[in-house]
Each structure stands twice: as structure tokens, then as C-alpha cells.
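Observations on chain architecture
One letter stands for each residue in the lines below.
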Amino acid sequence: MIIQTAGERAFRTFSAAVMSLVTLTAFLPFILILVSSFTDEKILVSKGFGFFPEKLSVDAYIYMFGNITTFARAYGVSIFVTCVGTALSLLITTMLAYPMSRGDFKYRNVLAFAVFFTMLFRGGVVPSYIMWSKYFSIKDTLSALIFPNYLMNGFNVLLVRNYFKHSVPFDLVESAQLDGASEIKIYYKIMLPLSIPVMATIGLFTALMYWNDWINALYYISKPQYYGIQNLLIRLMNNIQYLKSSEASSMLGSNVMELPSNAVRMAMAVAGVLPIVIVLPFLQKYLTKGVVIGAVKG
Amino acid sequence: MPLKRRTKAGNTLPLLLVAAPGLLYLLINNYIPMLGIFIAFKDINFVKGIFGSDWVGFDNFKFLFKTTDAFIMTRNTLLYNLAFIVIGTVCSLFIAILMSELLGKTYAKLFQSGLVLPNLISMVIVSYLVFAFLNADSGFVNHSILRPLGLTELNWYSEPKYWPFILVIVELWKSAGFGSIVYFAFIAGIDKSIYEAAKIDGAGKLKQIFGITLPMLTPTIILLGLLAVGRIFNSDFGLFYQVPMNSGALYSTTQTIDTYVYRALIQLNDVGMSAAAGLYQSVVGFILVIVANAIVRKVNADNALF
């Protein structure tokens, strides 16, 4: 055991104090929306958002569950897009990375450059928008939320390529070849099972990107039934009237005038953050790994 | 070895087929839009089609750079990014060093999960958080800070002068914790015996930080800083569009190249100007990445991106 001097102990206490403060700062805004979502609407209007409300209320949540169809559909869209997008992304990313990792594949350097160049230069938003909307006609379809921009990125491909190259022994591939296994078979019987760690890391980041995306919908979606949770939140923030006018709430009739609008907004924000807070402890390991990989070159 | 050569030749096509879906996606999503950069040199008329539209040379660029928008968006993009790089690095380092002082991995982990949470949420949620603090009618700042202090309440969403501070704080809040994890990992990798030796020589904690930790981290700081400089022409669309609620009154301090391209294309329907701004961003961004990488390579060849 190393003996601590008084100065070291003081510094350690100082560190713990400042870190607690910093972490609290990271949390405070979340606590504010959580508390506000449980605050009585009249208090929110007269006293504003606060950490210690005078009167609590669950009206916002009652309202939310009363209009479950609107929210459930948005949740459904987000979940569908996240699952399908992430699965497809992992599939094509690893499939492209596998041949590039093979030292005996003739075009590996050509492919590596083709992938790498996309990280350096982009055609820009306008050509991309015109292509997707005018030539692929993906406006107002779920494809618009999956395909443009996010499905695969060069960085992840190179990351997986390096993983295949350095962490999967080439002997395994060679012996499978001698046994007459096809390339597809080697890919999914050997490469995929052995690359779970790297897939977990990039899969996590891809899933977060899809769950948090709202920009594709901003460009390509005009019909609210294709809005995911993020775009519903935007719509709700810009116009609380949307709730009042939406089909689902027409059933509420006269109650609409007493809509707890501020609290409902915050309750929705809580609903948007909740899935991330729930999965965070399970993903911590891959997350920190991903950050460090992301900081050094792929 | 004839067997090996046969496998090799025989495998090119199957391997290409495995790569095909990914390549097809790159072709569509990345390469075809690159060909589309000539849209910036055309007077796009959708009746005539992209290929049938008239060439106008550099007219779109001339019009763009005649507007004050071009100056404002370039200035904002550059200054915000510089602020983010400098202040972000300092804050991340500060947090990382303090975190490394904490005894026990459990504590460090606990703080880490708390600090990364802001980074994992969308800018839409961030805009809700900012709204809860700043909206004029019921925001926390107006009601619970300014009013009790007897100060005038402010209409934050229509006062451009406060937004440089607000946006820098929001960006730091969102990303500093995440950034600190990188530095934390590097600090954890420093040989502990160096600190022990310094201690025996009578160096205090501060001396150790300035004499060992920071010098050891300098190459990493420079590398990450340069890579950030390479991306200095890009900005987080959500931070500058969604967090200020797309408020027109704030454009003078919130407009960046990314938000301009979106507004010109979707809201103003001005394809030419938008394409010109987008190409301006892509080309300058490309040059900056190349230059930054060349400098990194000069400093330390191992750290260069390519």
C-alpha cells in the first residue's frame, strides 16, 4: 500500500467533490424535465419549471396513455427503423469488410481506397437529396428513414476490416477453404461468430444513431404516420396544437382545453430518454471501448 | 503451391460478391452524389431535368458570396468550432485528470456512465432540456433565477447575443464527458512508476500533473486537435437548428453552413445557392482534412490518418 501524504488526500477529496459536481451538472437537466413532467400544469404556468414543485400531478402521463395510439405508432416507427437499420448495417458492413481483410484478395486495396475516400469527400446534401427524393422516390416511406446517410459508413468498415485482419487467425480461413467451404460460409460460420465484440460496439453506435435520428425525416417525410419518436417530439415542441388536432385526441372532446401542454411535452421527452437510460448500464462496456477506438485511427 | 494459387484465382469472384451489397450502397449513397456537384454550376429547372438544365458557371457562387449569409455562416462555423475545440479539450482534460485521481474503478465507472448520458441523447431531447431552462413563459432561468434576483426576465429565443454562450455551454455539456473518457484511457495507460519516482523526488500532485500527465498527453491532444481542425467546416446540424428552435431572430449567431444548406434547399427552395454552399463546404473541408493530416504526419507519422 502506497502511503498517502496529506496533500494527496486533499487532492483526492477535491477530485471527488468536483467530479460529483460535474456529474450532477450532467444529470440536472434530466431531473428538471422529469420533475416537470410530474408537476401540475397550473404550477408550471405560474411558477415555471422547477426542481421542487408545490404540487405534483400525473395528468401528463394520464393524457399520454389516453392517446397511446399516437405515441405507440411513433415508438413503433423508431423501434422498427432502429432494428432493421442496425441489422442491415451490420450485415453489409461486415460483408464488405471481410473480403478487404483477406490478404489473398486481389482488389482489397482498391476497395479500401474506395471506402476511405468516402470519409474525405462528400457530394453534399443537395445532390444527395435530389437523388434520393427524385430518382429513388423514397419520400414518405420507411426506407427514407433507413437508407440515406446512416446505413453504412467508411469508418466502421475499416474498423471491422482491421478487427478481422488482426483478431481472427488466418489459419482458420485457410483450413475452412481446404475443407471446401464457400466464401459465404466462411463469412458467416467463422468471421461473424468471432467478431461479436466489434459488432457489439459498432452495432451500439449505429442503433443509437438510428434511434436519435430526426434529420432524414426532416428531409424526406411529410406524413406524420412515418414520424418516429424524435420527430413526434419536434412536432410536439413546435406545436402543441398538433396533439389537440390529432385524430387520437378527438375522442377527448372538451378536455382538450385543459390539456397539460407543458407537462405533456416534458413527459414525452422523458419517454424519449427512457430507453437510453435503461440500456445504458448494459452497454457501458462497449460504449467506452467504442469511444477509445473512435479516438484513435481505425 | 498450385493448390493455393487455384483457390486464390477461384476466390476473387465469390469475395467480390460478398462485398457487393456494401459497395453498391457506397456507390449510391456516396459516389453518385459526388457526381452531382455540377448542380452547383447549373440553373436547376426540374421541368428540364438536372441534365437538361442550363449551365451558369460560377453564378450561383457569385450570388452566394454577395449575400451577407456567406460571411455570417462561415464566421459562425469557424468560431464555434474553434471555441468547441479549445474549451472542449480543456474541460475534457480537466475531468479526465480528476477522474484518474479517484480511488477505485467502481467510482470512475459510476462517474463515466453519468457523464456519457448527455452524449447519447438526440439533439431533439437536448432542445427540450434547453427549452425547460430558457423559455420565456415558464423557463427555469427566468422564473427561478432572474426573477428572485430582481433582474429583468429575458426572451432568450429572440436575443441573438446570448446564443454564442448558450451554444458553447450546451455543446460542452453534451460532449465534454464523452471526450474525457478518451483522455482517461490514455492517462490510465501511463506507467505508474514514473509517478512513484516523481513522488520520491518530492513532487506534489500539481507538479505531477503539469510535469508528467500533461506532457505525456501532449501528442494525443495535438492529434485530436488537428483532426478536429480538419472537420472545422462541418457543424452539428441539430445543435444549430433544433436547439435554437429554428428561430429566425437568432440567425446572425446560429446560422452555420449546414443550417444554411438546409434552409436554402427546403425552406427557400433555392437549389442553386444551397448546392453552391454545400460544394464550398465539401471542397474547403476536403482541403482542410488533407492539410491537417499532412501536419499530423510531420509531427508524428504513426498518428497520421493516411
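Here the structure is a predicted model, which is why all the values come from computation and not from measurement.

For the structure shown, the criterion picks out 10 salt bridges over all chains. The shortest N-O distance in the salt bridge between E54(A) and K47(A) comes to 2.7 Å. Relative accessible area serves as the criterion here: at 61%, E54(A) is assigned to the exposed category. Here K48(B) ties to D54(B) by a salt bridge, and the two come within 3.1 Å at their closest N and O atoms. By relative accessible area, K48(B) is classed as partly exposed at 44%. In this structure D54(B) comes out as partly exposed when scored by relative accessible area, which is 40%. Each member of the salt-bridge network shares a partner with another, and the members are R12(A), E101(B) and K205(B).

Take the packing of helix α4 (residues 68-101) of chain A against helix α11 (residues 196-212) of chain A next. Residues and elements named next belong to chain A. Orientation of α4 relative to α11, taken along the N-to-C sense of each, is 145°, at an axis distance of 9 Å. The two elements α4 and α11 meet at a crossing, and its hand is right-handed. Touching Y75, S78, I79, V81, T82, G85, T86, S89, L90, T93 and T94 of α4 are M199, I202, G203, T206, A207, Y210 and W211, all from α11. Class assignment of the residues belonging to the contact of α4 with α11 gives a composition of 9 nonpolar, 9 polar and no charged.

This brings us to the nonpolar core. Grouped together as the largest cluster of nonpolar side chains are 172 residues, with contacts concentrated most on L96(A), Y98(A), I121(B) and W163(B). Considering every element that reaches this core, the biggest residue donor is helix α7 (residues 163-188) of chain B, with 13 residues. If you look at the next biggest cluster of nonpolar residues, it comprises 5 residues, including I190(B), Y195(B), A198(B) and A203(B).

Residue and element names in this part refer to chain A. Evaluation of the coordinates by the stated rule reveals 1 cavity of 30 Å³ or more. For the largest cavity, the calculated volume is near 100 Å³. If you go around the largest cavity, you meet 13 residues; those closest to its centre are V81, L145, Y210, D213 and G228. Elements supplying a minimum of two residues to the lining of the largest cavity: α4, α11 and α13 (229-238). Classifying every residue of the lining of the largest cavity gives 7 nonpolar, 5 polar and 1 charged.

This part is about helix α9 (residues 170-178) of chain A. Residues and elements named next belong to chain A. When α9 is considered as a whole, its buried residues turn out to be V173, A176 and Q177. Within α9, the buried residues cover an arc of 105° as seen down the axis, which keeps them to one side. Opposite its buried face, α9 presents the exposed residues D171 and L178, each directed more than 90 degrees away. A positive backbone phi angle near 90° is found at G180, which sits one or two residues after α9.

Further remarks concern the interface of chain A and chain B. One frequent convention defines the size of an interface as the accessible area lost when the parts assemble. Taken together, the contact pairs 101 residues of chain A with 98 residues of chain B. At the boundary of chain A with chain B, total buried surface from both sides reaches about 8,900 Å², with 78% on carbon and sulfur atoms. Three residues stand out in chain A for area buried against chain B, namely F11(A), M19(A) and F121(A), and they jointly supply 7% of the buried area on that side. Linking chain A with chain B are 2 salt bridges. Among the salt bridges present, the one from R12(A) reaches E101(B), with a minimum N-O distance of 3.9 Å. Taken together, the connections running from chain A to chain B amount to 18 residue pairs in polar contact (both at pLDDT 80 or more). Per-element accounting of the side of chain A that touches chain B gives the leading share, 18 residues, to helix α1 (residues 6-37) of chain A. Tallied by class, residues from the side of chain A that touches chain B come to 70 nonpolar, 20 polar and 11 charged.

Rules of the game
Residues numbered from 1 in each chain as written. Chains lettered and ligands numbered in written order. Predicted model: local features only at pLDDT ≥ 70, side-chain atom pairs only at ≥ 80, totals over all residues. Heavy atoms only, no water. Salt bridge = Lys/Arg side-chain N within 4 Å of Asp/Glu carboxyl O. Buried < 20%, exposed > 50% of the residue type's maximum accessible area, 1.4 Å probe, protein only. Axes fitted to C-alpha atoms, helices over the stretch in contact; angles between N-to-C directions. Helix = DSSP H or I, 4+ residues; strand = E, 2+ residues; numbered from the N terminus. Left-handed = near helix turned anticlockwise from the far one by under 90°. Contact = heavy atoms within 4.5 Å. Nonpolar A, V, L, I, M, F, W, Y, C, P; charged D, E, K, R; others polar. Core = buried A, V, L, I, M, F, W, Y, C linked by side-chain atoms within 4.5 Å. 1 Å grid on protein atoms, 1.4 Å probe; cavity = no way out; pocket = protein on both sides within 12 Å on 5 of 7 lines; lining within 4 Å. Points joined across faces, edges and corners; volume = space filled by probe spheres on them. Arc of directions from axis to C-beta. Buried area = accessible area lost by both parts, 1.4 Å probe. Polar contact = N/O pair within 3.5 Å; in protein donor to acceptor, adjacent residues only side chain to side chain.

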